[in-house]
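# Chain and residue survey
Next come the chains, spelled out residue by residue.
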Amino acid sequence: MSYGTASRLAALRERIRALEHRYGRVEGSVRLLAVSKTKSAAMVREAFESGQRDFGENQLQDALGKLDALSDLPLNWHFIGHVQSNKTREIAARFRCVQSVDRARIAERLSDQRPPDLPPLDVCIQVNVSAESSKSGIAPDDVPALARRILDLPMLRLRGLMAIPRPEKGLEAQRLPFRRMRALMDALAAEGIALDTLSIGMSDDLEAAVAEGATMVRIGTAIFGPRDRAR
Ligand SMILES: *Cc1c(COP(=O)(O)O)cnc(C)c1O
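To start, this report covers the structure provided alongside it. (Residues numbered from 1 in each chain as written. Predicted model: local features only at pLDDT ≥ 70, side-chain atom pairs only at ≥ 80, totals over all residues. Heavy atoms only, no water.)

## Overview of the overall build of the protein chain
Scanning the protein chain from terminus to terminus reveals 9 helices and 8 strands. A compact globule built from 231 residues would reach a C-alpha radius of gyration of about 17 Å, and the protein chain, at 17 Å, matches this within 12%. Principal axes of the C-alpha set define a box for the protein chain whose edges measure 50 × 40 × 30 Å. Within the span of the protein chain, comprising 231 residues, buried residues form 52% of the whole. At a minimum sequence separation of 6, the contacts of the protein chain that also span at least 24 residues come to 61%. For the protein chain, the exposed area adds up to about 10800 Å²; of that, 50% sits on carbon and sulfur atoms. Side chains of the protein chain give 35 positive and 30 negative charges; the mean places of these two sets differ by 2 Å. (Helix = DSSP H or I, 4+ residues; strand = E, 2+ residues; numbered from the N terminus. Rg over C-alpha atoms; globule rule 2.2 N^0.38 Å. Buried < 20%, exposed > 50% of the residue type's maximum accessible area, 1.4 Å probe, protein only. Contact = heavy atoms within 4.5 Å. Areas by Shrake-Rupley, 256 points an atom, 1.4 Å probe, with all protein chains shown as cover. Lys, Arg positive; Asp, Glu negative; His and termini not counted. Charge placed at Lys NZ, Arg CZ, Asp CG, Glu CD.)

## Some points on the site of the ligand
Surveying the vicinity of the ligand reveals 13 residues, the closest of which are Lys-37, Ser-203, Gly-220, Thr-221 and Arg-227. Contacts to the ligand include Ser-203, whose side-chain N or O atom sits 2.5 Å from an oxygen atom. Here an oxygen atom of the ligand sits 2.8 Å away from a polar atom, N or O, in the side chain of Arg-227. (Near = heavy atom within 4 Å. Polar contact = N/O pair within 3.5 Å; in protein donor to acceptor, adjacent residues only side chain to side chain.)

## Focus on the pattern of salt bridges
All told, the structure shown has 18 salt bridges when counted by the stated rule. A salt bridge links Glu-172 to Arg-179, with the nearest nitrogen and oxygen atoms 4.0 Å apart. Of the residues examined, Arg-179 reaches a relative accessible area of 37% and is grouped as partly exposed. Put simply, Asp-122, Arg-157, Arg-159 and Asp-196 are held in one network by salt bridges that share partners. (Salt bridge = Lys/Arg side-chain N within 4 Å of Asp/Glu carboxyl O.)

## Some remarks on the packing of aromatic side chains
Evaluated as defined, the whole model comprises 2 aromatic pairs. Summarising the aromatic geometry, the rings of Phe-55 and Trp-77 are spaced 5.7 Å apart at their centres and angled 40° between planes, so their arrangement reads as tilted. On the criterion of sequence distance, the pair formed by Phe-55 in strand E2 (residues 54–57) and Trp-77 in strand E3 (residues 76–79) is long-range, its members being 22 residues apart. Where Phe-79 meets Phe-95, the ring centres are 5.3 Å apart and the plane angle is 85°; that geometry is what we call edge-to-face. Taken as a pair, Phe-79 in strand E3 and Phe-95 in the loop between helix H4 (88–94) and strand E4 (97–101) lie far apart in primary sequence, 16 residues in all. Across this residue pair, the class does not change: Phe-79 and Phe-95 are buried. (Phe/Tyr/Trp six-rings, centres within 6.5 Å; stacked < 30°, edge-to-face > 60°.)

## A word on helix H6 (residues 143–151)
Turning to H6, its buried residues are Val-143, Pro-144, Leu-146, Ala-147 and Ile-150. Considered in projection along H6, the buried side chains sweep an arc of 165° and stay on one side of the axis. For H6, the elements touching its buried residues are E4, helix H5 (104–113), strand E5 (121–127), strand E6 (156–163) and helix H7 (171–190). (Arc of directions from axis to C-beta.)

Have a look at this one:
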């Protein structure tokens, strides 16, 4: 049985390539993370068969069965959901990257609990770029101090910044928070903290993200179709 992910992935890759071209980005500089939350292991397998390697999950319990069912495949799993401190041990052991680190305590636990036989865990700092009190993420002003803390932790490798801005309609409105993220990356670079990952952009604001310098876009709906639950 086919879920249609192959043709949706092909169309999406084509679209990303066209956007790279339109906004003067180097071809291939925007990496695609397939967000498979709530979707089945069989759908992930189908996406793998059409060349996808990076997958994102936002709830540990939902993810673990899939990670087990797909352990025969060389997949890169990214954790992109809120990290609860009682889940850090398993997250540190099972994921390649955690994009949603937003406090020192969580970073310290992930470093302490990363199994010593694995390479350091890649992490991104999640930034609350639209200042929504209900959402995860650290305030932009607090990013440099957290970045410096993470750089001191032996089993973490700081790769970049991630954000989920408040949904906006229209390209210009969508570009603004992403531009702030880009400025934050530049400010860190000026302090000597050079990062290679700017994880911004989802199905509905992909173009704005590529325009503002995304190096990774996190796409669920446009690959796997709508989800029945609102997450
Ligand atoms: C669900 C989710 C996405 C993907 O959203 P779509 O709109 O389905 O593309 C991206 N990033 C995070 C953190 C998510 O939780």
